[in-house]
Amino acid sequence: MVVPAAGEGDWHRLWGISAYRLLITAAIALLVQLPVSDTVIDLGRNGALLRALTLAAAVVSLAYLAAVMLRRPSQARLHAFVQVGIDTLLVLTLLHFGGGLNGPFSILPFLLLVSTASLLRGQSAFVFVWVLLVLLLIESLAGGMALNHPPLGQILIYVLALIAVAVLADSLVASLERSTRLANQRGAEVLNLNALSREIVQHMDVGVMVLDQQSRVILSNPIARLLSGYRHWVEAPIPLDLVDPRLATAVSQPLGPADEAASVDLGMGDPALETASQAVVLRHIALPDSPFRLLLLQDASQLRARERELQLAALGRLAANIAHEIRNPLSAIRHAAGLLGEGVQAPAAQRLCHILEREALRINAIVESVLEMARPGPAHPEVLSLRLYLSAVIEQLREDPVLRPLQVDLILPQGDLVVLADPAHLRQILWNLLHNAVRHGAAGDGSARLQIAMAPTGKEEIAVELRDFGPGIDGALGERIFEPFFTTDSRGTGLGLSMVRELLRLNGGRIETMNHPGGGAVFRLILPRVRRPEDNDA
C-alpha cells in the first residue's frame, strides 16, 4: 500500500480529532467521577475500575493532543495510525468493563468509525473497520459482563449498523475532501485571476479608478493617480471629492451611455505637480450586478496626439494617391495652358491662360504641401547660431512677394544662443509662420507686423517667440489650429501649422500658442539648446 505524503491539511485534521477525543474523554471522566454518577449512568460492578480507566483515557488524550501540536514524531500518517490504534484499544476496554453492547459506552464504536474514516480514508480505514468488527464480535460473544450477554440478533443489527456508518462516513469524508480540493483550487484560481487583473490594471495606458457606493476610490492604477494630481495615496479607500472635487462633481451627474465621455478640466492647482494633466477625458461606467463603479481617465492631450497620428497616417495614404492621380494630369494642364497662351493674341484669352497657369501652380503647391506634410524628410540637425541664422533666413524669406508687406522686427539678445536643428526644417517652419502672420495677423488698419525674439527657457532649451499684432487666436479653436486641413481661411489648405508642429517634433522641439496681453497671437518655438564652454563660464 502506497502511503501518500501528508500535507498541512492532515495536521489540521489530527489536531481537530485529538481535541474532539479529549473533549469526549474529559466529559465521560467527569460524568463517572461525580458523586451522583451511579444515579445518572449504570457502571455495574466495575465502577471503580471504569472511573480509573476514563480518567486514564482523558490523560492519554491530553498527552496525545500535546504530541500532535508539537508534531512529535513529524510524520502525520504515523500519527493517524497511532491515534486509531489507541482509540480502538480505549473503546474496546471501556466496552469490556462497561457492559458491552448493552452498556453506556456502546455508542463509542460509531464515533471511532467516523474518526477512522477521517484520518485514514479509503482502504486503510476499511481494514481497521473489519478489525474493529471482529474484535467487537469477540468481545460481545465472549466478554463484557458475564451475566449480561446480548442476543445474537442484537449483535447482528449492531454490526450492520457499524458497517453502514463506516460506508457513509467514508463516503462523506471523500466527498468533503473533493469539495475541499475543489474549493482550494477555485480559491487559488480566483486569487491568481485577481492578481492578474490587478497587474493588467496597473499596466494599462488608461487611468482606472474603482469606486464603491460611497464614491470612495478603492482601487486605482498609476496613470489614474498621475492624471488626478493627488499625491497622498494610501491603501485605504479615499473619498473621490478629496482626490479632486471636480472629478466628484462630474461623477455625481446622471450616467449616460457607456461610451459617452466628458471632458473635465483639472487645471494645475498644485505647482509642484508638473506632470499633472490640465484636462482629462472621463468615462463613468456602472458595473452590472455590482455595487462598484468604474472611472476611466485619459489625458486629453494624448488623445489629441493619437488623433493627429491617425490623421497623418490617413494623410500619407491620401498623399500617395494625390501624387499619382493629380500631379500627372496637372502637368498636362499646365503644358496645354502654356501652348494655348502662345497661340492666342486676344487679351481676354491671354488673361484666361494666365489664370489657368496660376491656378495650376496653386494646385501643385497644395499637392507639394500635402506630400511634405504626410512624409516629411528625416531631420539632419546642425549646430546653429540663432543670431546669424535668423538674420540671414529672414532676409531670404522677405524676397517672397507674399511676405514683402510684412514688417519683421528681429530682437536679438546680447549674447549668442545656439540650438541644434535642421536648417532646412527651421526655414520651412519660419516660412509657414510668416505666411500665417500675413494672412491672420494683420492689424485693424490692414498692416502686417511680426516681432521675433528669443531667450533661453532653461539649461536645455531655447524659446523663439513670434508675435503678430492681429486679433489673436480664438479660444474656442484651441489645439484645432494644428490639425491637418483645419483652417478658417477659405483660401488656405490647413496644413501650414500642422507642418510646423510635425517638423518641430522631428527636431526634438515643440510649439506653444497664446494671446499676448497687448494684443495679437504669440507662437513660441521650443528648440534644444547647445551649451558652449563660454556659456558655462558665464
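Please read all numbers here as calculations on a predicted model, not as lab measurements. (Residues numbered from 1 in each chain as written. Predicted model: local features only at pLDDT ≥ 70, side-chain atom pairs only at ≥ 80, totals over all residues. Heavy atoms only, no water.)

**Student:** Explain the overall build of the protein chain here, please?
**Tutor:** The helix and strand inventory of the protein chain stands at 17 helices and 13 strands. The long-range share in the protein chain, meaning contacts at least 24 apart out of those at least 6 apart in sequence, stands at 64%. (Helix = DSSP H or I, 4+ residues; strand = E, 2+ residues; numbered from the N terminus. Contact = heavy atoms within 4.5 Å.)

**Student:** Whenever I open this one, helix H16 (residues 496-506) confuses me. Can you help?
**Tutor:** Because an α-helix completes one turn every 3.6 residues, residues spaced three or four positions apart along the sequence face the same direction. Burial within H16 is extensive, with 8 of its 11 residues counted as buried. Leu497, Ser498, Met499, Val500, Arg501, Glu502, Leu503 and Leu504 are the residues of H16 that are buried. Positive backbone phi, at 75 degrees, marks Gly508, one or two positions downstream of H16. (Buried < 20%, exposed > 50% of the residue type's maximum accessible area, 1.4 Å probe, protein only.)

**Student:** Would you explain a nonpolar patch on the surface in this entry?
**Tutor:** Among the surface-exposed residues, Val127, Val131, Val134, Leu135 and Ile138 lie close enough to one another that they form a single nonpolar patch of about 400 Å² accessible area. The topology assignment puts Ile138 in helix H6 (residues 122-142). (Patch = residues over 30% accessible without salt bridge, like charges linked within 9 Å, V, L, I, M, F, W, Y side chains within 5 Å. Areas by Shrake-Rupley, 256 points an atom, 1.4 Å probe, with all protein chains shown as cover. Salt bridge = Lys/Arg side-chain N within 4 Å of Asp/Glu carboxyl O.)

**Student:** It is not clear to me how unusual backbone geometry should be interpreted in this structure. Could you clarify?
**Tutor:** For residues that are not glycine, phi is negative in most cases, and the peptide bond is trans in most cases. Backbone geometry places Ser215, a non-glycine residue, at a positive phi of 55 degrees. Tracing the sequence through the fold places Ser215 in the loop between strand E1 (207-211) and strand E2 (216-220). With a relative accessible area of 26%, Ser215 lands in the partly exposed category. You will see that Asp289, though not glycine, has its phi angle at about 55 degrees, which is positive. Among the secondary structure elements, Asp289 is positioned in the loop between strand E5 (279-286) and strand E6 (293-299). A residue is classified by how much of its surface remains accessible, and Asp289, at 87% relative accessible area, is exposed.

**Student:** Explain the side chain of His425 here, please?
**Tutor:** Positionally, His425 belongs in helix H15 (residues 423-440). The class for His425 is buried, based on a relative accessible area of 10%. At 3.1 Å, the side chain of His425 and the side chain of Asn507 are in polar contact. (Polar contact = N/O pair within 3.5 Å; in protein donor to acceptor, adjacent residues only side chain to side chain.)

**Student:** Explain the packing of helix H4 (residues 76-97) against helix H5 (residues 108-119) here, please?
**Tutor:** The axes of two packed helices give the description: the angle between them and the distance between them. Look at H4 against H5: their axes get within 10 Å of each other, and the N-to-C directions meet at 175 degrees. The orientation of H4 relative to H5 falls into the category roughly antiparallel. For the pair H4 and H5, the contacting residues are Arg77, Ala80, Gln83, Val84, Asp87, Thr88, Val91, Leu94 and Leu95 in the first and Leu108, Pro109, Leu112, Ser115, Thr116 and Leu119 in the second. Considered class by class, the residues forming the contact of H4 with H5 number 9 nonpolar, 4 polar and 2 charged. (Axes fitted to C-alpha atoms, helices over the stretch in contact; angles between N-to-C directions. Parallel < 35°, antiparallel > 145°, perpendicular 65-115°, else oblique. Nonpolar A, V, L, I, M, F, W, Y, C, P; charged D, E, K, R; others polar.)

**Student:** Can you help me understand the packing of H5 against helix H7 (residues 152-202) in this one?
**Tutor:** Packing of H5 against H7 brings their axes to within 9 Å, and their N-to-C directions diverge by 30 degrees. Overall, the two elements H5 and H7 adopt an arrangement that is roughly parallel. Of the two elements, H5 crosses H7, and the hand of that crossing is right-handed. Packed against H5, whose contacting residues are Pro109, Phe110, Leu113, Val114, Ala117 and Ser118, the element H7 presents Tyr158, Ala161, Leu162, Val165, Ala166, Ala169, Asp170 and Val173 at the interface. Of the residues in the contact of H5 with H7, the class split is 12 nonpolar, 1 polar and 1 charged. (Left-handed = near helix turned anticlockwise from the far one by under 90°.)

**Student:** How do you make sense of the sheet that holds E2 when you look at a structure like this?
**Tutor:** Two pairing modes exist for strands in a sheet, parallel and antiparallel, and in both the strands are linked by backbone hydrogen bonds. Strand order in this open sheet of 6 strands is E3-E2-E1-E6-E5-E4, and the pairing throughout is antiparallel. In this open sheet, the two strands that pair with only one neighbour each are strand E3 (238-239) and strand E4 (262-265). (Pairing = 2+ DSSP bridges.)

**Student:** What is the right way to look at the side chain of Asp212 in this model?
**Tutor:** With respect to the helices and strands, the residue Asp212 is situated in the loop between E1 and E2. Exposure remark for Asp212: the relative accessible area of 6% places this residue in the buried category. A polar side-chain atom of Asp212 sits 2.8 Å from a polar atom in the side chain of Arg216. Ignoring sequence-local partners within four residues, the contact set of Asp212 consists of Ile218, Pro291, Phe292 and Arg293.

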